[in-house]
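Residues per chain are reported as follows:
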Amino acid sequence: DVTLFKYIPVGAGLGGGSSDAGAILRAYALGHPEVVSLALKLGADVPFFLAPRVSYRAGVGEIDAGSVRLPKLWALLLFPRAPLLTAQVFRAFAGPLTPGFAVANPPQVFKTLNELKPWLKNDLEETACRLSRESQQARSLLTAVGAKAVVMSGSGPTMVGLFEGRAEGRRAVRLLGEQKTKYWIRLLWVLQNEDG
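Enquirer: Tell me about the overall build of the protein chain, and please be specific about residues and values.
Expert: Looking only at helices and strands, one finds 8 helices and 6 strands in the protein chain. When the helices and strands of the protein chain are placed in sequence order, the string is α-α-β-β-β-α-α-α-α-α-β-β-α-β. Along the first, second and third principal axes, the C-alpha set of the protein chain runs to 50 × 35 × 35 Å. Sequence separation of at least 24 residues holds for 66% of the intrachain contacts in the protein chain that already meet a minimum separation of 6. For the protein chain, the exposed area adds up to about 11,500 Å²; of that, 57% sits on carbon and sulfur atoms. Within the protein chain, the 16 negative side-chain charges are centred at a point lying 7 Å from the centre of the 23 positive side-chain charges.

Enquirer: Requested: an account of the packing of helix α1 (residues 16-29) against helix α2 (residues 35-42), with residues and values cited.
Expert: Where α1 meets α2, the axes come as close as 11 Å, and the angle between the chain directions of the two elements is 155 degrees. With respect to their mutual orientation, α1 and α2 come out roughly antiparallel. For the element pair α1 and α2, the recorded crossing hand is right-handed. Seen from α1, the contacting residues are A21, L25 and A29; seen from α2, they are V35, L38, A39 and L42. Tallied by class, the residues present in the contact of α1 with α2 amount to 7 nonpolar, no polar and no charged.

Enquirer: Can you explain the packing of aromatic side chains? Please cite residues and give values.
Expert: What the rule picks out here adds up to 1 aromatic pair. With a centroid separation of 4.9 Å and 80 degrees between ring planes, the pair formed by F48 and F49 is classed as edge-to-face.

Enquirer: I'd like a description of the pattern of salt bridges, backed by residues and values.
Expert: Tallying each qualifying case throughout the model produces 4 salt bridges. Taking the shortest distance from any N to any O, the salt bridge between K6 and D20 comes out at 2.6 Å. Taken together, the residues K6 in the segment before α1 and D20 in helix α1 connect sequence positions 14 residues apart. Given the relative accessible area of 41%, K6 is considered partly exposed. Residue classification places D20 among the buried residues on the basis of a relative accessible area of 18%. Of the charged contacts in the structure, one is a salt bridge between K121 and D123, with a shortest N-O distance of 3.4 Å. Residue K121 is classed as exposed on the basis of its relative accessible area, which comes to 56%.

Enquirer: Outline the layout of surface pockets, listing residues and values.
Expert: Size it by volume and the second largest pocket reaches roughly 190 Å³. Lining the second largest pocket are 13 residues, with F93, G95, P96, D123 and E126 sitting closest to its centre.

The rules behind these values
Residues numbered from 1 in each chain as written. Predicted model: local features only at pLDDT ≥ 70, side-chain atom pairs only at ≥ 80, totals over all residues. Heavy atoms only, no water. Helix = DSSP H or I, 4+ residues; strand = E, 2+ residues; numbered from the N terminus. Contact = heavy atoms within 4.5 Å. Areas by Shrake-Rupley, 256 points an atom, 1.4 Å probe, with all protein chains shown as cover. Lys, Arg positive; Asp, Glu negative; His and termini not counted. Charge placed at Lys NZ, Arg CZ, Asp CG, Glu CD. Axes fitted to C-alpha atoms, helices over the stretch in contact; angles between N-to-C directions. Parallel < 35°, antiparallel > 145°, perpendicular 65-115°, else oblique. Left-handed = near helix turned anticlockwise from the far one by under 90°. Nonpolar A, V, L, I, M, F, W, Y, C, P; charged D, E, K, R; others polar. Phe/Tyr/Trp six-rings, centres within 6.5 Å; stacked < 30°, edge-to-face > 60°. Salt bridge = Lys/Arg side-chain N within 4 Å of Asp/Glu carboxyl O. Buried < 20%, exposed > 50% of the residue type's maximum accessible area, 1.4 Å probe, protein only. 1 Å grid on protein atoms, 1.4 Å probe; cavity = no way out; pocket = protein on both sides within 12 Å on 5 of 7 lines; lining within 4 Å. Points joined across faces, edges and corners; volume = space filled by probe spheres on them.

Written as structure tokens, this is what we have:
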């Protein structure tokens, strides 16, 4: 028997269910030769959570295409307390898709947030914002409280504001204080890979 204590909201586009599945597979089946194909059957982003780290992914997420080093960052997550279903977003998505990283040839190391900003794009964001007015508002709020970059997580509706320092992130959380009933708010340090 396995008991899960969930801290990531359902329907937030934060990979909560996929990370749960990946954690269970890591604990019980990581050495199994079929673990990646089993993870992929559970969900396109579950293979990432078999060895989670900042990386480029290929295929539908099952192919690890190399680590990425980021500058020190703080991420402020703003989840409107109105879930958005992944299937709903994909049904409404009409394209186009941004060329994959194999075509775009992005760097393996980002030294500053300004270097990273041009690569922060989520093709589903426009569709999710069309379906969720709350996502549009979350984006605007993060910009208003000083986020240096804002991008949607997964299939939404959570928006992620990036800050270069903890003090700036904490200031933004204070400014968003009155929004706590409307949004789930978390400030997180962006974990680096072992070599970074």
